[in-house]
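Structural characterization, general
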Amino acid sequence: MIMDKKWIDESVERFRELLVQQAERAEGLAAVKSQSKKNADRVVIGICDGDGIGSIIMREARRVLGYLMKAELESGAVMLKEIRGLTIENRLYHGKTVPDESLEDLMECDVLLKGPFTTPSGGTLKSANVALRGIFDLYANIRPVKVKEKGIDWTFFRENTEGEYILGGEGISGEGLAVDFRVITDEGTRRIARAAFEYAKSNGKKSVTVVTKSNIVKKTDGKFLDICYRVAADYPDIRVDEYYVDIMSANLINPEINAGFEVMVMPNLYGDILSDEGAQVQGSVGTAGSANLGDGFAIFEAIHGSAPRMIRDGIAEYANPTSILNAVEMMLRHIGYTAAADRLVRALEICTDKDAPVFVTGKADGATCAQFGDYVMKTLESV
Ligand code: IPM
Ligand code: MG
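Read on for an overview of the structure. (Residues numbered from 1 in each chain as written. Chains lettered and ligands numbered in written order. Predicted model: local features only at pLDDT ≥ 70, side-chain atom pairs only at ≥ 80, totals over all residues. Heavy atoms only, no water.)

Now for the sheet that holds strand S9 (residues 239-244). With mixed pairing, 10 strands are arranged side by side in an open sheet as S2-S1-S3-S12-S11-S4-S5-S10-S8-S9. Edge positions in the sheet fall to strand S2 (78-82) and S9, since each of these pairs with one other strand and no more. Put simply, the sheet's adjacent strands are angled 25° from each other on average, direction ignored. With five bridges connecting them, strand S1 (residues 43-48) and S2 associate as parallel partners. Note on S2: the bridge partner recorded for Val43 is Val78. Sheet strands touched by helix H2 (residues 54-68): S1, S2 and strand S3 (111-114). Its angle to S1, the strand with the most contacts, is close to 160°. Its contacts with the sheet place helix H12 (residues 322-334) against S1, S3, strand S4 (140-147), strand S11 (289-293) and strand S12 (298-302), and it is angled at close to 155° to S12. (Pairing = 2+ DSSP bridges. Helix = DSSP H or I, 4+ residues; strand = E, 2+ residues; numbered from the N terminus. Axes fitted to C-alpha atoms, helices over the stretch in contact; angles between N-to-C directions. Contact = heavy atoms within 4.5 Å.)

We now examine the environment of Lys219. Within the element layout of this structure, Lys219 appears in helix H8 (residues 218-232). Between the alpha carbons of Lys219 and Ile184 there is a distance of 8.8 Å; along the sequence they are 35 residues apart.

A grouping of Ile2, Leu177 and Val179 is seen on the molecular surface, where their side chains present a nonpolar patch of about 220 Å² in accessible area. Within the secondary structure, Val179 is located in strand S7 (residues 177-179). (Patch = residues over 30% accessible without salt bridge, like charges linked within 9 Å, V, L, I, M, F, W, Y side chains within 5 Å. Areas by Shrake-Rupley, 256 points an atom, 1.4 Å probe, with all protein chains shown as cover. Salt bridge = Lys/Arg side-chain N within 4 Å of Asp/Glu carboxyl O.)

Under the criterion given, the structure shown has seven aromatic pairs. Relative to Phe181, the ring of Phe15 lies with its centre 5.0 Å away and its plane at 20°, an arrangement referred to as stacked. Of this pair, Phe15 sits in helix H1 (residues 5-31) while Phe181 sits in the loop between S7 and helix H7 (186-202); the two residues are 166 residues apart in sequence, bridging distant segments of the chain. Of the residues examined, Phe15 reaches a relative accessible area of 38% and is grouped as partly exposed. Measuring from ring centre to ring centre gives 5.3 Å for Phe197 and Tyr235, while their planes differ by 25°; the resulting arrangement is stacked. With Phe197 in helix H7 and Tyr235 in the loop between H8 and S9, this residue pair connects regions lying 38 residues apart in the sequence. (Phe/Tyr/Trp six-rings, centres within 6.5 Å; stacked < 30°, edge-to-face > 60°. Buried < 20%, exposed > 50% of the residue type's maximum accessible area, 1.4 Å probe, protein only.)

Right, let's talk about the packing of H1 against H7 for a bit. Between H1 and H7, the least distance of the axes is 8 Å, while the angle of their chain directions is 40°. Relative to H7, H1 is oriented oblique. In this structure, H1 contributes Arg25, Leu29 and Ala30 to the contact, and H7 contributes Glu187, Gly188 and Arg191. Among the residues making up the contact of H1 with H7, the classes are represented as two nonpolar, one polar and three charged. (Parallel < 35°, antiparallel > 145°, perpendicular 65-115°, else oblique. Nonpolar A, V, L, I, M, F, W, Y, C, P; charged D, E, K, R; others polar.)

Our next topic: helix H13 (residues 338-351). Here H13 spans 20 Å end to end across 14 residues, near enough to the 20 Å set by a 1.5 Å rise per residue. Among all positions of H13, only Ala340, Ala341, Leu344, Ala347, Leu348 and Cys351 are buried. For H13, the buried positions fall inside an angular range of 125° around the axis, keeping them on one side. On its buried side, H13 packs onto H2, H12 and helix H14 (369-380). (Expected span 1.5 Å × (residues − 1). Arc of directions from axis to C-beta.)

Here the focus is the state of the cysteines. This model, assessed by the stated rule, comprises zero disulfides. With no disulfide partner, Cys351 has as its closest neighbouring cysteine sulfur the one in Cys369, 13 Å distant. (Disulfide = S-S within 2.5 Å.)

Now the structure itself:
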């Protein structure tokens, strides 16, 4: 029965609790101070394979990182720390999204390089990705996409802690009716907008495009758009424009205009969807890396998931490591090893050329992940 008064009363009470919780969070956000780096004299990189194809693509990431950071790893200026327990088996066993031992390990690191995590659909176990982004308040999810021959050079700035994700498991479901919640805060929007405009400014970009659906989702997207315009006022040299997410998804594959977009900023779920589309324009989701940045800790990963279908179909060895190698490049840049990052960019440019002799398709007709890794390692020697 839909009109169950008891259920409605309980749900209203639940909604009240959530509102209070989010109002407190929003207040706290405004007060968040920038966190200092944990290890003053060295950089500790947490590393974990994750699930599914994770161990296969991470094998290549480990090789490349080991090669580019050889001297620093030997001197101790850079240290790798294996993060215990971040596997779907262990998480299910403990019934914990992020097991205690994993969190303990992460607390000792400055950054994390990770393979994809499996998120079970249904059940009660929540996404470890989303949990970690929340725990470390990694509000800026940055996802670059480049297609040189088409003049495409996009950077997606996806808000990474709010929107549909923050209360994703807290919706209300009753007989004949379910309601989810979407949260946008002033400060949450301000900080992602500022990150996007700052990036545009320091990288010589001329425009920032704000993506919402504020004609329909009036309150939350309305706020997001409004605050982006307010932040834009501090950047008079950067053009700001806006599109609704539906037409934006068309624009990205419209060859007449898509090279005109540069930096795009958007709420969480639109960013999740449009960045997969962007990666596909670049070749596939197997090609795009991602940085999750906050004011202290940072996580670097591929934009795709653990690819259970590839495992099921027995083609996991053909997974494309380009995504995680691009994440390695972003991580190296983030921790200050710009020359090593530039070197990896040059090698990947050569190795992902459409006429390159080793080509990963993600299927058995292409090169294996390891063959591509060999090719990258060999190319690195000459760039
Ligand atoms: C991503 C992924 C995650 C997300 C999943 C694995 C929870 O799709 O990083 O884009 O939805 O954010
Ligand atoms: Mg996604």
